[in-house]
Amino acid sequence: MRNPHKCIVHTFKNYTKLEDVGPEDYFCRFEYKAATGAFTPDRVAVYCKCEMPYNPDDLMVQCEACKDWYHPACLNMTIEQTKQLDSFTCHECSPLDGKRPPSRTSTSGVPNGKVNLKQAQHKRQKK
Ligand SMILES: [Zn+2]
Ligand SMILES: [Zn+2]
């Protein structure tokens, strides 16, 4: 018997190039070498406090101080809030509450902040 809900497993590289990612599209970051029992690569860079490898489906925001990338959700922020940011500093690098640096109260209100955001091209959201 054949399972009709078959998954499509892409390589990580191909996955990032997909136009449309369906619910049955997965990617495999590692190659398993049955001969040696080893995965290649044997390590992967992880980001955020959840220590997840970069996922092209997830928008991430870069801390200006430590240059690490964070998921808005892991910062208790929405993606929209993240996009409004002028600059982002993660919790580790931020001064504790009460010791905030003098904030510039600019009212230029440009919605596109200068904060660095990382997200796969194909996930561009419609307005
Ligand atoms: Zn995270
Ligand atoms: Zn930081």
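Residues numbered from 1 in each chain as written. Chains lettered and ligands numbered in written order. Predicted model: local features only at pLDDT ≥ 70, side-chain atom pairs only at ≥ 80, totals over all residues.

- Looking up the protein chain in an unreviewed UniProt entry gives the name PHD-type domain-containing protein, with the organism given as Ambrosia artemisiifolia.

## Looking at the overall build of the protein chain
Here is step 1 of the chain: When helices and strands are counted, the protein chain shows 2 helices and 9 strands.
Here is step 2 of the chain: Reading the secondary structure of the protein chain in the N-to-C direction produces β-α-β-β-β-β-β-β-β-α-β.
Here is step 3 of the chain: Each of the 127 residues in the protein chain was classed as buried or not, and the buried ones make up 9%. (Helix = DSSP H or I, 4+ residues; strand = E, 2+ residues; numbered from the N terminus. Buried ≥ 20, exposed ≤ 12 C-beta atoms within 10 Å, placed from the backbone.)

## Quick look at the nonpolar core
Here is step 1 of the chain: The biggest cluster of nonpolar side chains holds 8 residues, and these are Cys 48, Met 60, Val 61, Cys 63, Trp 69, Tyr 70, Phe 88 and Cys 90.
Here is step 2 of the chain: Contributions of two or more residues to this core are made by β7 (60-62) and β8 (69-70).
Here is step 3 of the chain: For Tyr 70, the residues in contact, after removing those within four places along its chain, are Cys 48, Met 60, Val 61, Cys 63, Leu 75 and Cys 90. (Core = buried A, V, L, I, M, F, W, Y, C linked by C-beta atoms within 7 Å. Contact = placed C-beta atoms within 7 Å.)

## A short note on the sheet that holds β8
Backbone hydrogen bonds hold the strands of a sheet together, and the pairing may be parallel or antiparallel.
Here is step 1 of the chain: Spatially, β8-β7-β9 is the arrangement adopted by the 3 strands of the open sheet, whose pairing is antiparallel. Two strands bound the open sheet, and with one partner strand each, they are β8 and β9 (117-118).
Here is step 2 of the chain: Inspection of the sheet shows β7 paired to β8 by 2 bridges, in the antiparallel sense. Counted as the bridge partner of Val 61 is Tyr 70 from β8. (Pairing = 2+ DSSP bridges.)

## Re the environment of Asn 14
Here is step 1 of the chain: Looking at where Asn 14 falls in the secondary structure, it is placed in helix α1 (residues 12-17).
Here is step 2 of the chain: Looking at Asn 14, the number of C-beta atoms within 10 Å reads 13, which means it is partly exposed.
Here is step 3 of the chain: Spatially, the C-alpha atom of Asn 14 lies 8.2 Å from that of Phe 27, the residues being 13 residues apart in sequence.

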